[in-house]
Amino acid sequence: MRWIYSLMILCFCMPTFAQPPLTRLKSAIIQLDRDPVMRSANWSMTVMDAQTGKILLDHNGQKSLSTASTMKVVTTITAMDVLGADFRFATELQYDGTLGADKVLRGNLYIKGDGDPTLGSDRFGEVYETESLLHLLAEQIKRKGIERVEGAIIGDASIFSTQLTPAKWSWEDMGNYYGAGAAGLNINENLYRLDLKPGSRVGALTTVLRTVPHMPDLMFKNEITTGPKGSGDNGYIYGAPYTSVRYLRGTIPAGYNSFSIKGSISDPAQFMAYRLREELIACGVSVTGGYGSLRDMVQNTSNGKRATFFTHYSPRLSEIVEKTNMRSINLYAEALAKRVAVKLGKEGSTDQAMRTFKQYWEKKGMNLDGTYMRDGAGLSPNNALSTRMLVQLLKHAKTASYSKSFAASLPVAAQSGSLKGMFKGTVAAGRISAKSGYISGTRGYAGYATTTKGQPLIFAIISNNYACSAGAMRRKMEPLMRMMVEGI
């Protein structure tokens, strides 16, 4: 028995050789490849040393994959590269005709947009909110000496094309708040709240109560029924830009006196003109004409030159990028993409913006083979990028003048944004900053990480067409990113 005991002591005293972190990560990648839920999936992962640019791990890194909101990494980096971190959108008040000593404007009053997606947003402090903004504009009009407008209030969104939403967006998305299109003149993030009252029983038709703010030009065809208690928000608003009819379909849960869903404003420039006209009248400025957008009222405008008398500036681009990535705001990303195109002398349309993006980075020597960009936000399932391309772009941002502000825009593991609930209690907490992405069948992450030994990394991981829930896919990706932080 003594020799058995001695052997046991020898075994316990012998050093154990754990797998190196990179070997463990590669083994985990092989295991995920063999997972039954990945049989029909395409997925990739690329990790780069942030200091040297050396690719440390590349699993299917050249594959073109649907991006979801990781596309916002491309858009926000391009915007900061082209426009600059201190860029501000400039929205102008203008008039045509004549302004007499009697304080009567015999002409039209214009609010000319610069594509600012934050106009009237409540994310940047009270001064930028819709009511404060409208009051400010009305006060500036009065300060100009205008007490009566013998003309119309016109929203000018002409800096961008008239196609609000990208051509590849889903019909299911466009009428809802997250599918709000980016106009040349925006207001209140181009969304409204629709309040509904559930029926008295499951299956009963709901009742439309109100919109907030009031939407004078929308008509609702309500087919939303009442779901069981706790069934959640399954209500959808269907409707195209510039149309007045909205179809309401799906269910909302029982047990509420009022349940809210959010929709997209069909013509933001026209709605902005309506709100400004209402504010002027409330402030004692008489307006004899109507309201509308330049798109549908051009025949009522004069050929004379307009006079600009006030300019409203947005928050700095670095602040807008922080909201875009931290809160994954599609409207902001789309507006930034179009504004980049305008800055580079092109039409302010999504299609032109995507062509411009590709040309811009190719001129800087980036290989974009297999890259297909259809929108700036990633809501289109037709976007396709490689994880290799994403880490190259993130490497560019890492050495740019705006590197700190861009990095600060990314959610942090276990701390903020979409990563707040991830990596809690692990070594990855606080060590990963990344933009996440999710649409049906797509889950991805792209950003920066620091290993436990202090090595800075750049990474991207994307999976398409997995045969499990989005949450389950996230849980399969999380250990790979944690192992990356443990050392590579």
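Details of the structure are given in the entry above.
In this report, we go over the structure that sits alongside the text.

1. Some details on the sheet that holds strand 15 (residues 259–264)
Read across the sheet, three strands follow the order 10-9-15 without closing on themselves; strand pairing throughout is antiparallel. Of all strands in the sheet, those with a lone pairing partner are strand 10 (207–212) and strand 15, marking the two edges. Direction aside, neighbouring strands of the sheet carry axes that sit 30° apart on average. Alignment of strand 9 (residues 191–197) against strand 15, held across six bridges, turns out to be antiparallel. The partner of Leu 194 across the bridge, within strand 15, is Ile 261.

2. Looking at the packing of aromatic side chains
One pass over the structure, following the stated rule, counts 12 aromatic pairs. Consider the rings of Trp 171 and Tyr 238, whose centres lie 6.2 Å apart with planes at 40°: the pair is tilted. Placement of the pair is Trp 171 in helix 5 (residues 171–174) and Tyr 238 in strand 13 (residues 234–238), with a sequence separation of 67 residues. Owing to a relative accessible area of 14%, Tyr 238 belongs among the buried residues under this scheme. Here the guanidinium or amino end of Arg 306 rests over the ring plane of Tyr 110, the centre of that ring lying 4.0 Å away. The ring centre of Tyr 448 lies 4.7 Å from the NZ or CZ of Lys 398, which sits over that ring.

3. Overview of the nonpolar core
Ranked by size, the top nonpolar core spans 51 residues in total, and within it Val 74, Ile 77, Leu 317, Leu 394 and Phe 406 carry the most contacts. A total of eight residues in this core trace back to one element, the largest contributor, which is helix 3 (residues 71–83). When sequence neighbours within four positions are dropped, the list of residues in contact with Phe 406 reads Val 73, Thr 76, Ile 77, Met 80, Val 321, Asn 325, Leu 394, Ala 397 and Tyr 448.

4. Description of the sheet that holds strand 4 (residues 98–99)
Overall, mixed pairing links the four strands, which are arranged 4-5-7-16 in an open sheet. Two strands lie at the open edges of the sheet, namely strand 4 and strand 16 (286–287), each paired on one side alone. In this structure, strand 5 (residues 104–106) lies alongside strand 7 (residues 148–149), joined through two bridges in parallel fashion. Each bridged residue has a counterpart across the sheet, and for Val 104 the counterpart in strand 7 is Arg 148.

5. Some words on the environment of Lys 398
Within the secondary structure, Lys 398 sits in helix 11 (residues 387–398). Spatially, the C-alpha atoms of Lys 398 and Arg 327 are 21 Å apart, while their sequence positions differ by 71 residues. The residues contacting Lys 398, other than those within four sequence positions of it, are Ala 50, Ser 403 and Tyr 448.

6. Considering the pattern of salt bridges
Throughout the structure, instances matching the rule amount to 20 salt bridges. The salt bridge partner of Glu 486 is Arg 24, with a shortest N-O separation of 3.1 Å. Separated by 462 residues along the polypeptide, Glu 486 in helix 13 (residues 470–486) and Arg 24 in helix 2 (residues 21–34) bring together distant segments of the chain. Owing to a relative accessible area of 25%, Glu 486 belongs among the partly exposed residues under this scheme. The partner of Lys 103 in a salt bridge is Glu 147, and the shortest N-O contact between them spans 3.5 Å. Taken as a pair, Lys 103 in the loop between strand 4 and strand 5 and Glu 147 in the loop between helix 4 (130–143) and strand 7 lie far apart in primary sequence, 44 residues in all.

About the criteria used
Throughout, a residue's number is its position along its own chain's written sequence, starting from 1. Local features in this predicted model are restricted to residues whose pLDDT is 70 or higher, and side-chain atom pairs enter the listing and the counts only when it is 80 or higher, whereas totals over whole chains, interfaces and linings include all residues. The side-chain values count all of the structure's non-hydrogen atoms but skip hydrogen atoms and water molecules. Strands pair, by our definition, only if DSSP identifies at least two bridges between them. The helix and strand labels rest on DSSP assignments: H or I over at least four residues marks a helix, E over at least two residues marks a strand, and numbering proceeds from the N terminus. Here, axes are lines fitted to C-alpha atoms. For helices the fit covers the stretch in contact, and angles between N-to-C directions go from 0 to 180 degrees. Side-chain rings of Phe, Tyr and Trp, where Trp is taken by its six-membered ring, are said to pair if the distance between their centres is within 6.5 Å; with planes under 30 degrees apart they count as stacked, over 60 as edge-to-face, and otherwise as tilted. For every residue, the accessible area (1.4 Å probe, protein chains only) is compared with the maximum for its type, and the residue is labelled buried under 20%, exposed over 50%, or partly exposed between those bounds. By definition here, charges over rings are those cases where NZ of Lys or CZ of Arg is within 6 Å of the ring centre and within 35 degrees of the ring normal. Think of a nonpolar core as a cluster: buried Ala, Val, Leu, Ile, Met, Phe, Trp, Tyr and Cys residues, connected wherever their side-chain atoms sit within 4.5 Å. What makes two residues a contact is simply this: any of their non-hydrogen atoms within 4.5 Å. Just to be clear on terms, a salt bridge is a Lys or Arg side-chain nitrogen sitting within 4 Å of an Asp or Glu carboxyl oxygen.

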